[in-house]
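An overview of the molecular structure
Okay, here's what each chain looks like letter by letter:
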Amino acid sequence: MKMVDVILKKKDGQALTPEEIRLFARGAADASIPDYQLAALLMAICWRGMNAQETACLTMEMMHSGSVIDLSAIDGVCVDKHSTGGVGDTTTLVLVPLAAACGAKVAKISGRGLGHTGGTLDKLESIPGCGVEMTQERFIRQVQEIGCAVIGQTQDLCPADKALYALRDVTGTVDCVPLIASSIVSKKLASGAGAIVLDVKTGSGALMRTLEESIELAKAMVDIGTQAGKPILALVTGMDQPLGTHVGNALEVKEAIDILSGRAGGDLLAVSMELGSRMLIAAGLARDTKEGKARMQAALESGAGLEKLREMITAQGGDGRVCDDVGLLPQAAHRIAVPAPRSGYIAQMDTTQIGYVAQGLGAGRKEKDDVIDPAVGLVMNVRIGDSVEKGQPLATLHVNNPAMAGEAAARMQQTIRIADEKPVLPPLVYAAVSPQGVEGEEGRQA
């Protein structure tokens, strides 16, 4: 069996056999297949798709391309959360410590920035000294002792996905349901989570732009997880504007700390509460979302969530003092306001382009080996529905190279549409997808 024949078969729109998918996954894991052939098959899959059987097979092959973590030594149900990625999406750094403060065990494997989206690992590494690599033994011990850990993939955890994940970022093969579903669920299964809560984004900043595509992706992942015997559910949440107000690695850590300190709130906190309450239900710590949110709110107000974040940062080698003084985080040398070109109401944002503006400033990667500047990014000064006057700041750029600011400001002005009339606000949560079906798709309110 030759890889070129597998590429041609998928290029012609045919379904791949389990043996052909195994060749692909194992070749990615052990680097026996060159990048250019892996990239060719990724593109063919993007164009031709995969059926449910192919997607499930690819998931299991990637899961078993390396070791599978056994978390049975940890007391209670280990629960994990994963987002399909967005802009200003810092939910992990808010809800993981809050859930752990409520007694949940959160053993989380996260990723790096992909395309226009930010990566939790990059955000954590912007904290002085904070590491995201550790042995499985230390990972398990940390979760058992303090209730949470957020780390990257070890070399022997889903190595096939690790190789393909990096290639997808630089070959335009990110927004493909079978590849997204198999990538996410393979890592969740390999990381040993007892229950999984997924956050599937929809809108102008999501990998899946339409609600229909986002629900399709949520269904695909829930189906795979269910077949694997894992309790799993997904929320479809809005990404028609940055979820938080801060976009950039250290900036997003600052916003998470501000929220856990009670200095900030907004949509980022609201979505974190929705996801976190379901994590507590899955962990057997809440009967319903109302009780789950109440417990999360109590952990927020008491400061227990912030203290848990400090514990996690310290356990991973970071400077926990950032929880008291966000000035210890990397800071850009220059802050430059982006003025509104006219008066009116903020009607629409191209959130993907906002993500690319931050990437262009150095907050993300254009090539898989690019080095990120942890300090740069932008802070949104407006939300959809806000009224603005001409010249009022739409956003504030945080840059180390002022020469980049002019183009970035112009792009920001183009990505934010100002209208004469106030728009209908986009929902935060569109639907919940479980093995029993889809709820909330109809009758949603702005």
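Only a predicted model underlies this, so the values are computations on that prediction, with no experimental measurement involved. (Residues numbered from 1 in each chain as written. Predicted model: local features only at pLDDT ≥ 70, side-chain atom pairs only at ≥ 80, totals over all residues. Heavy atoms only, no water.)

1. Re the overall build of the protein
Each helix and strand in the protein was counted, giving 16 helices and 14 strands. For 446 residues, the compact-globule estimate of 2.2 N^0.38 gives 22 Å, and the protein sits close to it at 21 Å. Here the C-alpha coordinates of the protein stretch approximately 65 × 45 × 45 Å along the principal axes. Within the protein, the fraction of its 446 residues that count as buried is 58%. Within the protein, contacts between residues separated by at least 24 positions form 77% of all contacts whose residues are at least 6 apart in sequence. Carbon together with sulfur atoms contributes 49% to the accessible area of the protein, which is approximately 17300 Å² in total. A distance of 1 Å separates the average location of the 43 positive side-chain charges in the protein from that of its 53 negative side-chain charges. (Helix = DSSP H or I, 4+ residues; strand = E, 2+ residues; numbered from the N terminus. Rg over C-alpha atoms; globule rule 2.2 N^0.38 Å. Buried < 20%, exposed > 50% of the residue type's maximum accessible area, 1.4 Å probe, protein only. Contact = heavy atoms within 4.5 Å. Areas by Shrake-Rupley, 256 points an atom, 1.4 Å probe, with all protein chains shown as cover. Lys, Arg positive; Asp, Glu negative; His and termini not counted. Charge placed at Lys NZ, Arg CZ, Asp CG, Glu CD.)

2. A short note on the pairing of strand 4 (residues 195-202)
With respect to burial, strand 4 is a largely interior element, eight of its eight residues being buried. A two-sided burial pattern is seen for strand 4, the buried positions comprising A195, V197, D199 and K201 on one face and I196, L198, V200 and T202 on the other. Strand direction decides the pairing type here: strand 1 (residues 78-83) and strand 4, joined by five bridges, are parallel. Counted as the bridge partner of D80 is I196 from strand 4. (Pairing = 2+ DSSP bridges.)

3. Notes on the sheet that holds strand 12 (residues 416-419)
One open sheet accounts for three strands, arranged 10-8-12; its pairing is antiparallel. Edge positions in the sheet fall to strand 10 (387-388) and strand 12, since each has one partner strand and no second. In this structure, strand 8 (residues 344-349) lies alongside strand 10, joined through two bridges in antiparallel fashion. Its bridge partner being in strand 10, Y345 is matched across the sheet by S387. Packing of helix 16 (residues 405-415) onto the sheet brings it into contact with strand 8 and strand 12, and relative to strand 12 it is tilted by some 50 degrees. (Axes fitted to C-alpha atoms, helices over the stretch in contact; angles between N-to-C directions.)

4. Description of the side chain of K187
Along the polypeptide, K187 turns up in helix 9 (residues 177-190). On the accessibility criterion, K187 (2% relative accessible area) is buried. At 3.0 Å, the side chain of K187 forms a polar contact with the side chain of D161. Excluding residues that lie within four positions of it along the chain, K187 makes contacts with Q153, C158, D161 and Y165. (Polar contact = N/O pair within 3.5 Å; in protein donor to acceptor, adjacent residues only side chain to side chain.)

5. Some points on the sheet that holds strand 14 (residues 437-439)
The strands making up a sheet associate through hydrogen bonds between their backbones, and the pairing can be parallel or antiparallel. Within the open sheet, the seven strands sit side by side as 3-2-1-4-5-13-14. Their pairing is mixed. With partners counted over all chains shown, the strands left at the sheet margins are strand 3 (148-151) and strand 14, one partner each. Strand-to-strand twist in this sheet, taken as the mean axis angle between neighbours without regard to direction, amounts to 20 degrees. As defined by bridge partners, strand 1 adjoins strand 2 (residues 105-109) across two bridges and the pair is classed as parallel. The residue of strand 2 that forms the bridge with V79 is V106. Of the strands in this sheet, strand 1, strand 2, strand 4, strand 5 (232-238) and strand 13 (429-434) touch helix 12 (residues 267-282), which is tilted by about 160 degrees from strand 4.

6. Concerning unusual backbone geometry
Backbone geometry follows two general trends: most residues other than glycine have a negative phi, and most peptide bonds adopt the trans configuration. The residue A31 is not glycine, and still its phi comes out positive at about 60 degrees. With respect to the helices, strands and loops of the structure, A31 is situated in the loop between helix 2 (18-30) and helix 3 (35-48). Residue classification places A31 among the exposed residues on the basis of a relative accessible area of 61%. Residues other than glycine seldom take positive phi values, yet C158 does so here, at roughly 45 degrees. Along the chain, the position of C158 falls in the loop between strand 3 and helix 8 (159-171). For C158, a relative accessible area of 0% corresponds to the buried category.

7. A short note on the nonpolar core
In terms of nonpolar packing, the biggest core is built from 77 residues, with I346, L378, L397 and M412 touching the most fellow members. Discounting residues that sit within four places of it in the chain, L397 has contacts with H334, R335, I336, V338, L361, G377, L378, A405, A408, A409 and M412. (Core = buried A, V, L, I, M, F, W, Y, C linked by side-chain atoms within 4.5 Å.)

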